[in-house]
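So you can see what is in the structure, the chains are spelled out below.
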Amino acid sequence: MEAIKFQNTVHHDRILIAFIFLFVDLSLCSPSQTQGELPYMTSDVKEVAGKSFDYIVVGGGTAGCPLAATLSEKFSVLLIERGGSPYGNPWVMEKRYYGFSLIQTDEFSSVAQDFKSADGVRNCRGRVLGGSSAINGGFYSRASEDFIDEVGWDKELVKHAYTWVESKIVSIPELTPWQTVVEFGLLEAGILPYNGYSLEHIEGTKIGGSIFDVWGIRHTSADLLKAANPKNIVVVLNATVKNIIFEGNGNASETTVKGIRFIKSDGTTDQTYEAYLNKPKNCTSNGDVILSAGALGSPQILLSSGIGHREHFKKFSIPHVLNLKGVGKKMKDNPSIAVLVDTNPQNRLPDPPQVSGIAKDLKFIIEGGIIPTGFNATRMPIAAKIAFPVSEGELKLSSTDPRQNPSVKFNYLADENDLDDCANMVHLLERVAKSESIAFYLGVKPQNNLMTSTDGQRKFCKANVRTYYHYHGGCTVGSVVDNDYKVYGVKGLRVVDGSTFLESPGTNPMATLLMLGRYQGVKILREREHV
């Protein structure tokens, strides 16, 4: 009942927000469309084969696009992306088709690539310029202050990087009727206080930012390439990196990167092509190959290049380059449970999350949406995740073909602490899903038959665990890369993406990955200024 007392305040805030929208130009709530044009893009791998660049960024995803755009301010950059362009694809660009890209996938060309972990849980990864920011729910929320402190980032530069991103692609959402109902359901369940619209990661119920603008158009990380120097950047699409090329420099204790080897993504040929790093004259600091291929892609490329535990390479006949045992380790995926609140599929418009409930000292994240299960059917899940799972797994190569998924096992709920947390989370999730607000919206009677048995909740968790699509790890800071994201023991190689995270920041990692790309790009530019 405590949450009900807050509803008058919530109604007042909702009316106030609506009033503001009536009198404020909606363009002020949307990212600016006056920024520059997109850089040159090509799918002809021969256009860059044999050429050299100051920096090669592998993966045009959530972190890779802002990173490449920033580096291009002063240096030549090759951005290589295994997928195609998101532009002109309504399944990516239009909110009304949210989720459609996840239900029709193929082996080589779909914007989402399916994979199933060794745990048996279906998952997916982005395969398009913009990466997972092109296929996700678009909910934008920063990392917590504690997370920033723990990783040791420069707070002023973090703030600059977040605001740089937000000024270009983040909007204030107008809540749909269903999102308003979910909001009241969260409050009824006692997820307090009510924080209104906020980009901060704070306890309670809040409205987050969105990369969908008020016209329902998605602004992926690819839009950040409009901020690039078009004279200094080339974007190659539909090209998959096979491995990293190394060169000997007479120093047996140091491995140096020369460039990358890549193939076409479409499966038509296995012919390889190469691109190289520039070797500036009279300069002690060269550029880097920077892996931004995601929590599956980056460790996969390192392993395919002979960087990893020595024992891993015997069955694949890959020459061993560096015995870096942390590659592919500390893989985590936040365990999630979802409850369907509707009884049957219906033909509703898809509705991505705009509201989030953050509870139990930031441990539980709860959101609701409407997702397509077919082209004429949707369901209405309320889903929750454990933000800080203890259980971890491992990624290994399954093939030497870089277009194929590696093998990964996350070991969901293997640790008893995770199982206990999941049981507690299910109880809270049920209170939201069976709230009076949601029952009233659906035209059903409120249900009070909550699971009260901890043993029953634990069994329910084991039988129904799923992904929240926030998997991370495989190239973690302190194990594979240092605090500057340089790979240990290799000159000219960095990793900048979610594979470096020990936990998934915020309600979801997108905002922080976007920030990280800008942050590391600025740091590298500053480093080069002082060389």
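Residues numbered from 1 in each chain as written. Predicted model: local features only at pLDDT ≥ 70, side-chain atom pairs only at ≥ 80, totals over all residues. Heavy atoms only, no water.

Draft legend 1. Layout of the UniProt feature "binding site: substrate" (unreviewed entry) in the protein chain. The feature "binding site: substrate" (unreviewed entry), as annotated in UniProt, sits at Tyr468 in this numbering. Mapped onto the elements of the fold, Tyr468 is located in the loop between strand 27 (466–467) and strand 28 (490–491). With a relative accessible area of 8%, Tyr468 lands in the buried category. Other than its neighbours up to four places away in sequence, Tyr468 contacts Asn334, Ser336, Ile365, Ile366, Glu367, Ala383, Ala384 and Lys385. A polar contact of 3.3 Å, which involves the side chain of Tyr468, links it to the backbone oxygen of Ala383. (UniProt positions renumbered as here; feature names shortened; annotations may be inferred. Helix = DSSP H or I, 4+ residues; strand = E, 2+ residues; numbered from the N terminus. Buried < 20%, exposed > 50% of the residue type's maximum accessible area, 1.4 Å probe, protein only. Contact = heavy atoms within 4.5 Å. Polar contact = N/O pair within 3.5 Å; in protein donor to acceptor, adjacent residues only side chain to side chain.)

Draft legend 2. Spatial organisation of the packing of aromatic side chains. Counted according to the given criterion, the structure contains 13 aromatic pairs. Plain terms: the ring middles of Phe147 and Trp153 are 5.7 Å apart, the flat faces sit at 65° to each other, and that makes the pair edge-to-face. Accessibility assignment for this pair places Phe147 and Trp153 in one class, buried. (Phe/Tyr/Trp six-rings, centres within 6.5 Å; stacked < 30°, edge-to-face > 60°.)

Draft legend 3. Inspection of the pattern of salt bridges at higher detail. What the rule picks out here adds up to 24 salt bridges. A salt bridge links Glu394 to Lys329; its shortest N-O distance comes to 4.0 Å. Taken together, the residues span a long stretch of sequence, with Glu394 in strand 25 (residues 393–396) and Lys329 in strand 18 (residues 329–331) at a distance of 65 residues. Taking the relative accessible area as the measure of exposure, Lys329 reaches 29% and is therefore partly exposed. Note that Glu430 is salt-bridged to Lys434, the shortest N-O span being 3.5 Å. For Glu430, a relative accessible area of 9% puts it in the buried group. Through salt bridges that share partners, Arg142, Glu166 and Glu200 make up one connected network. (Salt bridge = Lys/Arg side-chain N within 4 Å of Asp/Glu carboxyl O.)

Draft legend 4. Summary view of the UniProt feature "domain: Glucose-methanol-choline oxidoreductase N-terminal" (unreviewed entry) in the protein chain. Under the local residue numbering, the UniProt record ascribes the feature "domain: Glucose-methanol-choline oxidoreductase N-terminal" (unreviewed entry) to residues 126–149 and 294–308. Secondary structure content for residues 126–149 is 21% helix and 12% strand, while the C-alpha to C-alpha distance between its ends is 29 Å. For the annotated span residues 294–308, helix accounts for 73% and strand for 13% of the residues, and the straight-line distance between the end C-alpha atoms is 17 Å.

Draft legend 5. Representation of the side chain of Asp213 in the model. On the secondary structure map, Asp213 appears in the loop between strand 10 (209–210) and strand 11 (233–236). Here the side chain of Asp213 touches His219 through a polar contact of 2.9 Å, side chain to side chain.

Draft legend 6. Examining the confidence of the model for the protein chain more closely. Mean pLDDT over the protein chain stands at 92; residues scoring 70 or higher make up 91%. Here residues 1–29 scores under 50 on pLDDT; set against residues more than four positions off or in separate chains, the count is 32 contacts. (pLDDT = per-residue confidence, 0-100.)

Draft legend 7. The arrangement of the domain arrangement of the protein chain in detail. Segmenting the protein chain into domains produces domain 1 (41–171 + 215–332 + 393–408 + 471–530) and domain 2 (174–207 + 335–386 + 413–464). Computed over C-alpha atoms only, the centres of domain 1 and domain 2 are separated by 32 Å. In this assembly, 21 residues from domain 1 lie in contact with 25 residues from domain 2. Summed over both sides, the interface of domain 1 with domain 2 buries roughly 1,800 Å², with 64% coming from carbon and sulfur. Area buried by domain 1 at its contact with domain 2 is led by Tyr98, Phe139 and Thr507, which between them contribute 32% of it. Taken together, the connections running from domain 1 to domain 2 amount to 1 salt bridge. As a salt-bridge pair, Glu200 and Arg142 come within 3.2 Å of each other at their nearest N and O atoms. (Domains from an automatic or database assignment. Buried area = accessible area lost by both parts, 1.4 Å probe.)

Draft legend 8. Seen up close, the packing of helix 9 (residues 416–433) against helix 11 (residues 454–464). Between helix 9 and helix 11, the shortest axis-to-axis distance is 8 Å and the interhelical angle comes to 105°. Classified by the interaxial angle, the pair formed by helix 9 and helix 11 is roughly perpendicular. Here Glu416, Leu419, Asp420, Cys422, Ala423, Val426 and His427 of helix 9 come into contact with helix 11, specifically with Thr454, Gln457, Arg458, Phe460, Cys461 and Lys462. Here the contact of helix 9 with helix 11 is built from residues that sort into 6 nonpolar, 3 polar and 4 charged. (Axes fitted to C-alpha atoms, helices over the stretch in contact; angles between N-to-C directions. Parallel < 35°, antiparallel > 145°, perpendicular 65-115°, else oblique. Nonpolar A, V, L, I, M, F, W, Y, C, P; charged D, E, K, R; others polar.)

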